[in-house]
Amino acid sequence: MSGPRRHLRGVAWAGLLTPLLWRLGVLMPLLAALPVFQPASPGQAMAALEAQAQALAFRLRGLRPVPEELVILAIDADSLALDGLLAPGERDSLPLWRAMGAWPWPRALQAELAATALEGGAARVVFNVVQAQASRFGPTDDAAFVQRLAPWRDRVVLAAAVTRQGLPGAGEGSVQVQLSRPQAPLAAAAVPVPALTTVLQSPQGMAEAIPGQDWIDDQLGAFSPPLPRPLAYAASSVPVPRQPVGIDFPGPSGTIPQVPAWQVLAQPAGFWRGRTVLIGATAPDLGDQQETPFGPQSGTEVQAAALASVLAGTGFRHLDPVPATGLLVAWAAVVLLALGRPRQASDTATLALALALGALVAGGGLWLMAHRVLPVPALLLAPLLGGGLRGGGQWRLESRERAYLHQVLARRLSPALLRELLRNPGPLGTQLGGSRARCVVLFTDLVDFTPLSAQLEPAALFALLNRYFAAIGGAVIEEQGLLDKFIGDALMAEFGVPRSRGDAVEALAAVRAALAMRERLVALNRELAAQGLPSLRQGIGLHVGDVIAGNLGSPQRLEFTVIGAAVNVASRLEGLTRRFPDHSILISGELLALLPPGVEVESLGRHPLKGWPQPLEVFGLRGLGPAAAGDRGLASF
């Protein structure tokens, strides 16, 4: 297949596929983020991206203050190992310390911790310890728990938990939901509605949000009331919203103030007044370590972060399904319309990045300032993926067009001029006008071509000229000259424009090119004779001088050329070869002065030239002597 045909076919395929692909690239991430598709695999993948984006946003934002009324009364590693922390006599000095040791602790001890905070004026005590079974220390232990906390039952909240496990023999995805509530005898020590310790997780298992009422109704609706309320709402008396609320993690483990259980009696007067106290395990050995944006934290710290989010009103909220759908549809329309306008790959890429940046700024600003969560990954991916596909298609098309144009121009422009245009794009390729330059002009023409053209058919004549120009034109290119134009059976070339390597170098290059032309014509004539075709004779004239080099023509059709007296002199020297049949190459004295010693020439005297004010010294060029032939001295562009 020819080059133009391959080019057109490639353009056709690109024209058919690219519009479809880039539009799909815009729509696919937005469709995956639609609320109706969230349960499907693409929706889960988008939710995972969103969770990772939020985790990164937390780390970039850094630490945030915690409500002053919140404190954790921690069952920490030191409190579980007082044997190694305190001397035996020191530990025996306090009944509270004597009761501490390995987990589980007696419920009487847990009640004493809570009572200490309540006696100090705590507004509320919330247990993050599920007490669903009878105490292992016996019924008296449960009774002691109730008796100790009964005076503050309206300020004590016990914990409940939800567990999910697969059903034996059931199909994949069949699970059983179990609700573990506080043991009935303990109800007299706390408010009637327990606190649910369940926290929603991202697809990667990262603690993410506080369940909403819809989740409770869906997961726990089959259980008898009263159904537990999420701990953050049970501890704050804030109504439970319908939708989940994202946890505003203030920082890594230890950010929320903690009081180790073994130091509960050592706090200053007034420390507990008005505080919400969360009692729970923080020791890693007790398990319940959960992944958060700031690394692993205990379940108690996660609950405290959730409670802090509710108390401060900084919990993150997603858009409701209808507004979220409207936003995604509107963004799809904006991106599709915007990306359909640019006509160049660079403009498409710039616009796609601008749209993505706008989505990032809007999403980040709402997340940071208003605690609203937009589907930022989908909003980012839509312009980036769509713009990447469209820009990539445009770039491929532009690359093919550039390659094709380069191929076309390489056959219509001299390589020297084409290199200069590509190196320095600008007025040289687009504007009329020129500038003064000094160069060597080479003019060649066929001798007695008019009678020959009358003997041949036009097609044969055309083919003969093409063979002739192919033979001699290569000599100019090999010497890095500029093939200016073909004029019938004549050729005009310059050495030293549009970029000069120096007068001496250009003069020697022009002479070499002329000698190569003569040799190649000899070889061509042998081929023509073997084919029964007439042989060709040429004349070549060379001169050096000042010219104006630039674009000549009209704004619609430019042609790079040179004009000036040097051009006319070279043409006259070529015409003078008719008077000297033994010298097919004539050069001027000015040019000879630039050539190195050893150039073989024959002086032909001074001759008047039409349009030239005085006779010009002319030399017939025979060849390069050994010294001149060895002096290449040509610097490449």
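As the structure is a prediction and not an experimental result, all values here were calculated from the model. Numbering of residues starts from 1 in every chain and runs along the sequence as written. This being a predicted model, a pLDDT of at least 70 is required before a residue's local features are given, and a value of 80 or more before pairs of side-chain atoms are given or counted; all residues contribute to the totals for chains, interfaces and linings. Note that water and hydrogens are dropped before the side-chain values are worked out from all heavy atoms of the structure.

### Considering the environment of Arg-396
Within the secondary structure, Arg-396 sits in helix H14 (residues 376-410). Along the sequence, Arg-396 and Ala-345 sit 51 residues apart, while their C-alpha atoms lie 8.9 Å from each other. Each helix corresponds to a stretch of at least 4 residues labelled H or I by DSSP, and each strand to a stretch of at least 2 residues labelled E; elements are numbered beginning at the N terminus.

### Quick look at the sheet that holds strand E7 (residues 207-210)
Pairing between two strands is assigned when DSSP locates at least 2 bridges connecting them. Strand order in the open sheet formed by 3 strands is E6-E7-E9, with antiparallel pairing between adjacent strands. This sheet does not close on itself; its edge strands, each paired only once, are strand E6 (200-201) and strand E9 (245-246). Two strands pair when backbone bridges link them, and E6 and E7 are joined in this way by 2 bridges, in the antiparallel orientation. Looking at E7, one finds that Gln-201 is bridged to Ala-207.

### Re the environment of Leu-307
Along the polypeptide, Leu-307 turns up in helix H11 (residues 299-312). Spatially, the C-alpha atoms of Leu-307 and Leu-231 are 7.3 Å apart, while their sequence positions differ by 76 residues. When neighbours within four sequence positions are excluded, Leu-307 is seen to be in contact with Leu-70, Ala-232, Ala-235, Ser-236 and Thr-276. When checking whether two residues touch, look at their non-hydrogen atoms; a contact exists if any pair is within 4.5 Å.

### Quick look at the side chain of Thr-276
Among the structural elements, Thr-276 can be located in strand E11 (residues 276-281). Since its relative accessible area comes to 8%, Thr-276 is described here as buried. Setting aside its immediate chain neighbours within four residues, Thr-276 contacts Glu-69, Leu-70, Val-71, Arg-124, Ala-235 and Leu-307. Each residue is assigned to one of three classes by its accessible area relative to the maximum for its type, calculated with a 1.4 Å probe on protein chains only: buried under 20%, partly exposed between the two thresholds, exposed over 50%.

### Remarks on the packing of aromatic side chains
Think of it this way: a Phe, Tyr or Trp ring, Trp meaning its six-membered ring, pairs with another when their centres are within 6.5 Å, and the plane angle makes it stacked under 30 degrees, edge-to-face over 60, tilted otherwise. One pass over the full model with this rule turns up 11 aromatic pairs. With a centroid separation of 5.2 Å and 75° between ring planes, the pair formed by Phe-58 and Trp-367 is classed as edge-to-face. Of the two residues, Phe-58 is situated in helix H2 (residues 41-61) and Trp-367 in helix H13 (residues 345-370); the sequence distance between them amounts to 309 residues. Taking relative accessible area as the criterion, Phe-58 reaches 3% and is therefore assigned buried. A residue is classified by how much of its surface remains accessible, and Trp-367, at 9% relative accessible area, is buried. Measuring from ring centre to ring centre gives 4.5 Å for Phe-469 and Phe-486, while their planes differ by 55°; the resulting arrangement is tilted. Of this pair, Phe-469 sits in helix H18 (residues 458-478) while Phe-486 sits in strand E17 (residues 482-487), placing them 17 residues apart in sequence. Members of the aromatic cluster, joined through ring pairs, are Phe-58, Phe-249, Phe-294, Phe-316 and Trp-367. Distance and angle both matter: a charge sits over a ring if NZ of Lys or CZ of Arg is within 6 Å of the ring centre and within 35 degrees of the ring normal. Against the face of Phe-137 rests Arg-136, its NZ or CZ located 5.9 Å from the ring centre. Above the face of the Phe-271 ring, Arg-275 is positioned so that its terminal group lies 4.4 Å from the ring centre.

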